[in-house]
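Working through the structure, step by step
The residues making up each chain are set out below.
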Amino acid sequence: MPDLARAYDVLVLGGGNAALCAAITARKLGASVLLVESAPKAFRGGNSRHTRNLRCMHDRPTDVLTEAYPEDEYWEDLLKVTGGQTDERLARYTIRTSATCTPWMVEHGVRFQPSLGGTLHLSRTNAFFLGGGKALVNAYYRSAEALGVAIAYDAEAQDLDLRDGRFHSATVANGGTSHKVSAKALVAASGGFESNIPWLKDAWGPAAENFLIRGTPYNLGRVLRVLIDKGAKAVGDPKQCHAVAIDARAPKFDGGICTRVDCVSLGIVVNKHARRFYDEGEDFWPKRYAIWGRLVAGQPDQIAYSIIDSKAVGKFMPPVFPPVKAGSIGELARALELDPAALEDTVKRFNAAVRPGTFNHAALDDCGTEGIEPPKTHWARPIDTPPYFGYPLRPGITFTYLGVGVNERARMLMADGQPSANIFAAGEIMAGNILGKGYLAGFGMTIGTVFGRIAGEEAARNARQ
Amino acid sequence: MPGSDLFAKAEFNMQVCNACRYCEGFCAVFPAMERRLTFAKADLRYLANLCHGCGACYYACQYAPPHEFDVNIPRNFAQVRAETYRRYAWPSFLASLFERNGVVVSLATAAALAVFLLATFYDQAPAVVFAAHRGGDFYKVIPHGVMVWTFGLVGLYVLLALTIGFVRFWRETGEPIHEFVEPAALGHGILDALHLKNLRGGGDGCPYPDERPSHKRRVFHHFTFYGFLLCFAATCVGTIYHYVFGWMAPYALWSVPVVLGTVGGIGLLVGPLGLLWLKGKRDPDTDEPAQFGMDAGFLWLLFLTSLTGLALLALRETAAMGTLLAVHLGVVLGLFLTLPYGKFVHAVYRVAALVRAALERSRPMPEVTFE
């Protein structure tokens, strides 16, 4: 356990990718650094432990990336998903800097691999970490320890002494006692509030009780709350979070990647009344992925059921829990505790509406429905080949968008737009500046790596003054 | 752990891994897993034997304990491997030896055989055993014919037992026997074994004995394996000398068999000691404690085989030769007899699994994913 009583040059709050990038960078510039992670060691790393890649601009193929991914295309992808809720200057800066991240990452122990099985669509844009995000986090912690970064686990920053935009000290709870930790500069890299159910309920009402959280229970957003309460500029939609449809049988917290279920486009999705409620064939995976959590959250009791027949088997990433299986639609309904007559009726009407076409899951094909609401515009095939399978779905909350404003040097902005004297922010806590809404695979890690390194550099420089 | 729980756990682990896939770049297990949607016992036995127990996936795992999914592939697959070793053992009633073949039993077997041999030599000709022999002629102590017959028969038995084990393993995978000798896959599989490609952890080595990646285990395994191979080569050359050229042992210090045996012997001193050292330091989180005895017993026998062999070589012209010969032959015989019922069998099933993995890689990817 490091000495919490002494004064450090740089105090880093958080223990994920951005925090580690900041701590390593600041330490290499000669600053004394304390990193404070609220989770115990086994669950360290925040949401980074569940990530798997980094979206990387590149002009030519690299050892792990195919073809090229130029700045403008990257920017357009971001523009598309955010619907303009972004800051072009910060975004383009992030995109350009992403091209220089991987050598630094390799230097600090991160290893890359070609895109994973089932993720060919990302092989051009995203560099995958060998072993995934936890392996990356482990490598950074090894690197930080070797450099002499002091690390406190199970240590939660609960309050900050912050006056006129200047940080003086933090109140850190550890092992039942409260410590006042002072430092010359602060890096806030402690993520969002996705695990904070009461906070989610503020935005979503009682429905949030039924949400499953994909990360650890430690992403409470306490530092974010304190910063905003004490005058930091808030950015990003305070009420929104990124939610995907995951298996309802997943654990309440920390189910991570493996709980996702994506056979939505191969069948139909019904709510607890066995009624369809949205076009399952509207679009491809990235968009589908980003909207279905919210769609399920909008249904009664926040539950839905993805229903497929045996034609779909083997055509989607295998989910972690086996499907509920039955020889007939009625039986399947009973097994899923749905009204058998209602589900039979829904399937019958859906099947009758399916128009003939040439099924092609790799394109927006011509298999659509006619005369049914909501329609299924692509990949519609009758559900008629037993056995039938069902997966129960719930919203799985990945991350939140609310953050604090920053400038290009990662310096936190106060509500009046003035930069803070010695507070810097990196990672999910400021990602809302750039990703105000939507989802772009691997972009969170890009923001964290780019701004983590800048925040570390600036904090070290600031501490020297 | 009772059998069904063990396989239920292994099946759940593979379902988690197959839905996650982050560890795909570490070793051959995960790409092989991705070719499947369901994991029957036969699949799990194959995948477990493909696993080298390096630990890379454990430290990278989001679902490792204390996560409630409790995914621990190195330990779980070590337990499945132990089950397969018993399952494929021949004759089947000797399968329980795997559980008893710890350090004490291995060493006691070797010691008992050494004492027995010494007593037999002494019984034949007491004066000869404790005399010094010019040139270290050990055939004075044990006639060539007796040695050849003893070790020949034991060797054939061992070969038979291992072959039957291999056939049982291969059959259970569902592959026809002739597929094993498909040249390209056989070549790839053997090459992967010779390089220990799957202990590279994707480049930096594997986190063994603790979470820091290193090549230590690969290096010490190479010492062990190639040491073993050189000693075997020494025996083969000696056999050729004897039967083809009529050149009788003992051979000169700089002769091919003695040089091969000495270099190999050094490998068999360094390798097993290194592996035992790493084993002692291994992170208890990834270890399977029930397997320690079997592994350590085999490593100690390898070490002692070499130590007694080198001692015999060094002192072959002294009066200690007869005793050392009995001890060395006792250890070698102990090693041979325990080969089919101890850690050595991992080599058979590992190579078979690697060849199967290479075979599968040569075939088109079955339709098991779409995203």
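Residues numbered from 1 in each chain as written. Chains lettered and ligands numbered in written order. Predicted model: local features only at pLDDT ≥ 70, side-chain atom pairs only at ≥ 80, totals over all residues.

**Remarks on the overall build of chain A**
Along the backbone of chain A there are twelve helices and 19 strands. Overall size of chain A, expressed as C-alpha extent along the three principal axes, is 75 × 50 × 40 Å. Here chain A holds 465 residues, and 59% of them are scored as buried. Contacts in chain A between residues far apart in sequence, at least 24 positions, make up 75% of those at least 6 positions apart. (Helix = DSSP H or I, 4+ residues; strand = E, 2+ residues; numbered from the N terminus. Buried ≥ 20, exposed ≤ 12 C-beta atoms within 10 Å, placed from the backbone. Contact = placed C-beta atoms within 7 Å.)

**Structural notes on the interface of chain A and chain B**
Every contact between the two is made by 32 residues of chain A and, on the other side, 31 residues of chain B. For the side of chain A that touches chain B, the element with the most residues is helix α5 (residues 132-147) of chain A, which contributes five residues. Here the residues of the side of chain A that touches chain B are counted per class, giving 13 nonpolar, eleven polar and eight charged. (Nonpolar A, V, L, I, M, F, W, Y, C, P; charged D, E, K, R; others polar.)

**Regarding unusual backbone geometry**
Look at the link from glutamate 373 of chain A to proline 374 of chain A: it is a cis peptide, with omega at -15°. Checked against the element boundaries, proline 374 of chain A lands in the loop between α10 (340-353) and β16 (388-400). In this chain, alanine 249 of chain B is followed by proline 250 of chain B through a cis amide linkage whose omega measures 0°. Mapped onto the secondary structure, proline 250 of chain B falls in the loop between α11 (216-245) and α12 (256-281). Of note in this structure, aspartate 154 of chain A is not a glycine but carries a positive phi near 55°. Mapped onto the fold, aspartate 154 of chain A is located in the loop between β6 (150-152) and β7 (155-163). Despite not being glycine, aspartate 254 of chain A shows a phi value in the positive range, around 70°. With respect to the secondary-structure elements, aspartate 254 of chain A resides in the loop between β12 (241-247) and β13 (268-271).

**A few points about the sheet that holds strand β5 (residues 126-129) of chain A**
Residues and elements named next belong to chain A. If you trace the three strands from one edge of the open sheet to the other, you get β3-β5-β4, paired in antiparallel fashion. If you trace the sheet from one side to the other, it starts and ends with β3 (53-55) and β4 (112-113), each paired once. Bridge analysis of β4 against β5 gives two bridges, and the strand direction is antiparallel. Its bridge partner lying in β5, glutamine 113 is registered against phenylalanine 128. (Pairing = 2+ DSSP bridges.)

**Focus on the pairing of strand β2 (residues 33-36) of chain A**
All names here are of chain A. In β2, alternate side chains face the same way, and those of Val33 and Leu35 on one face and Leu34 and Val36 on the other are all buried. One ladder, built from four bridges, connects strand β1 (residues 8-13) with β2; its direction is parallel. Within β2, the residue paired with valine 10 across the bridge is valine 33. Of the crossover connections in this fold, the one passing from β1 over helix α1 (residues 17-28) to the parallel β2 is right-handed. Note: β2 against β6, three bridges, orientation parallel. From the neighbouring strand, valine 36 faces β6, where its bridge partner is alanine 152. (Right-handed = clockwise from strand over helix to strand, strands pointing away.)

**Description of the domain arrangement of chain A**
All names here are of chain A. Looking at the assigned domains, one finds that chain A contains domain 1 (8-238 + 401-464) and domain 2 (244-396). The C-alpha-based centres of domain 1 and domain 2 are spaced at 34 Å. Facing the 17 residues of domain 1 at the interface are 18 residues of domain 2. (Domains from an automatic or database assignment.)

**Description of the environment of valine 406 of chain A**
As for its position among the elements, valine 406 of chain A is in the loop between β17 (403-404) and β18 (411-413). Here the alpha-carbon distance between valine 406 of chain A and alanine 135 of chain A, two residues 271 residues apart in the chain, equals 29 Å.

**Details of helix α3 (residues 41-50) of chain B**
With respect to burial, α3 of chain B is a largely interior element, eight of its ten residues being buried. Within α3 of chain B, burial applies to Asp43, Leu44, Arg45, Tyr46, Leu47, Ala48, Asn49 and Leu50 of chain B.

**Here we look at the packing of α1 of chain A against α5 of chain A**
Residue and element names in this part refer to chain A. Axis separation between α1 and α5 bottoms out at 10 Å; the angle between their running directions is 25°. Between α1 and α5, the interaxial angle falls into the category roughly parallel. Of the two elements, α1 crosses α5, and the hand of that crossing is left-handed. In this structure, α1 uses Asn17, Leu20, Ala23, Ile24, Arg27 and Lys28 to contact α5, whose residues at the interface are Leu136, Val137, Tyr140, Tyr141, Ser143, Ala144 and Leu147. Residue composition of the contact of α1 with α5, by class: nine nonpolar, two polar and two charged. (Axes fitted to C-alpha atoms, helices over the stretch in contact; angles between N-to-C directions. Parallel < 35°, antiparallel > 145°, perpendicular 65-115°, else oblique. Left-handed = near helix turned anticlockwise from the far one by under 90°.)

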